[in-house]
Amino acid sequence: YFQQDIARAAVTVLGRLGFDVIIPKGQMCCGRPLLSLGDREAAEKQARHNAELFAGLGADVIVTACASCGLTFKKEYPKLLPPEMSRPVVLDIHELLSESLEGLDLAPVKTVVTYHDPCHLGRGQGLSKTVRKVLRAIPGLTLIEMRTADRCCGFGGMMRITHHELSSAIAEAKARDIISTGAPVVATGCPGCRMQITDALRRAGSDVEVLHTVQIMEAAMKDEGRE
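Small disclaimer: the values here were computed from a predicted structure and weren't measured.

**What about the overall build of the chain?**
- Counting its regular elements, the chain contains 10 helices and 6 strands.
- For the C-alpha atoms alone, the extent of the chain along its principal axes is close to 50 × 45 × 25 Å.
- Scored against the burial criterion, the 227 residues of the chain give a buried share of 50%.
- Counting contacts in the chain only where the partners sit at least 6 residues apart, residues at least 24 apart contribute 75% of the total.
- Accessible surface for the chain amounts to roughly 11600 Å². Of this, 52% is attributable to carbon and sulfur atoms.
- A distance of 4 Å separates the average location of the 27 positive side-chain charges in the chain from that of its 27 negative side-chain charges.

**A short note on the nonpolar core**
- One finds Val 186, Ile 197, Leu 201, Ile 216 and Met 217 to be the most contacted residues of the largest nonpolar core, which totals 49 residues.
- When sequence neighbours within four positions are dropped, the list of residues in contact with Val 186 reads Thr 114, His 116, Met 146, Ile 178, Ile 197, Leu 201, Val 208, Glu 209, Val 210 and Leu 211.
- Listed in part, the 14 residues of the second largest apolar core include Cys 30, Ile 62, Cys 66 and Val 90.

**Topic: helix H4 (residues 67–80)**
- Counted at 1.5 Å a residue, the expected span for H4 with its 14 residues is 20 Å, and the 18 Å between its end C-alpha atoms agrees.
- Along H4, the sharpest kink reaches roughly 40°, centred on Phe 73.
- If you check which residues of H4 are buried, you get Ala 67, Ser 68, Cys 69, Gly 70, Leu 71, Thr 72, Phe 73, Glu 76, Tyr 77 and Leu 80.
- Buried residues belonging to H4 abut helix H2 (32–36), helix H3 (40–55), strand S1 (62–64) and strand S2 (90–92).

**Some details on the side chain of Gln 196**
- Structurally, Gln 196 can be placed in helix H9 (residues 191–203).
- A distance of 3.4 Å separates a polar atom in the side chain of Gln 196 from the backbone oxygen of Gly 154.
- Excluding its chain neighbours within four sequence positions, the residues that come into contact with Gln 196 are Cys 153, Gly 154, Phe 155, Arg 160, Ser 167 and Ala 171.

**Focus: the packing of aromatic side chains**
- Following the criterion strictly, the structure yields 2 aromatic pairs and no others.
- Plain terms: the ring middles of Phe 54 and Phe 73 are 5.8 Å apart, the flat faces sit at 85° to each other, and that makes the pair edge-to-face. Highlighted residues: Phe 54 in helix H3 and Phe 73 in helix H4, separated in sequence by 19 residues. Each member of the pair Phe 54 and Phe 73 is classed as buried.
- Take Phe 73: its relative accessible area is 12%, and that puts it in the buried class.
- In textbook terms, an aromatic cluster arises when at least three aromatic residues are bridged by ring pairs, as seen for Phe 54, Phe 73 and Tyr 77.

**Examining the sheet that holds strand S4 (residues 141–143)**
- In spatial order, the strands read S4-S3-S5-S6; together these 4 strands make up an open sheet with parallel pairing. Each of the sheet's edge strands pairs with one partner strand only, and the pair in question is S4 and strand S6 (209–212). Looking at each pair of strands side by side, their axes are set apart by 35° on average, direction ignored.
- Across the sheet, helix H6 (residues 128–136) touches strand S3 (111–116) and S4, and the angle it forms with S4 is around 150°.
- This element, H9, spans S3, strand S5 (185–188) and S6 of the sheet and lies at about 175° to S6.

**Focus: the environment of Gly 126**
- Here Gly 126 lies in the loop between S3 and H6.
- Taking the C-alpha atoms as reference points, Gly 126 and Met 159, separated by 33 residues in sequence, lie 23 Å from one another.

About the thresholds
Residues numbered from 1 in each chain as written. Predicted model: local features only at pLDDT ≥ 70, side-chain atom pairs only at ≥ 80, totals over all residues. Heavy atoms only, no water. Helix = DSSP H or I, 4+ residues; strand = E, 2+ residues; numbered from the N terminus. Buried < 20%, exposed > 50% of the residue type's maximum accessible area, 1.4 Å probe, protein only. Contact = heavy atoms within 4.5 Å. Areas by Shrake-Rupley, 256 points an atom, 1.4 Å probe, with all protein chains shown as cover. Lys, Arg positive; Asp, Glu negative; His and termini not counted. Charge placed at Lys NZ, Arg CZ, Asp CG, Glu CD. Core = buried A, V, L, I, M, F, W, Y, C linked by side-chain atoms within 4.5 Å. Expected span 1.5 Å × (residues − 1). Bend = angle between axes of the 7 residues up to and from the residue. Polar contact = N/O pair within 3.5 Å; in protein donor to acceptor, adjacent residues only side chain to side chain. Phe/Tyr/Trp six-rings, centres within 6.5 Å; stacked < 30°, edge-to-face > 60°. Pairing = 2+ DSSP bridges. Axes fitted to C-alpha atoms, helices over the stretch in contact; angles between N-to-C directions.

Here is the structure:
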């Protein structure tokens, strides 16, 4: 809802890879914000609702472009739901892209990119190498690593609201690391991180573009690459 450009890019990329994409009506938030606030009862209700909805779709896999949603589906739902409830396979979109790279005819994306590791994608799901495999498969793209790429951006779920000054200070450090690379684009795999980093860069007076990996992949799947 907040960053629909990421969702549109994900649907476009999945479609071009040959997948039939279903966006079910009635799905709710994964429940991560509620868990962050300690409201386990409400999180369980949302988890049950989503699990029942997903189970009725007949889908082979549930795909998400949000690191926090992916971590919640994979590691929290088994704890929140009764063991008898069916839980479809869940993949972060980077996992699906990584498995689909062979034979892809991608247009060059002529840009320099640095990458920020979301906590819930790197430490949470162990997908740091997977993301970089996807980025390095895009012709014309140069990946430059920033200092402490896996350091938290400060968004931290509800931390941006409940501890705003601390959150902002962490984000300022991340912005400095990004700017020091000289890259015109920073990619990440988490909409929350994208929101936080965009704000920090603007406050620092930087015009570095902040994109989700899937948006860069969408550009590579067009007839002409980004110049």
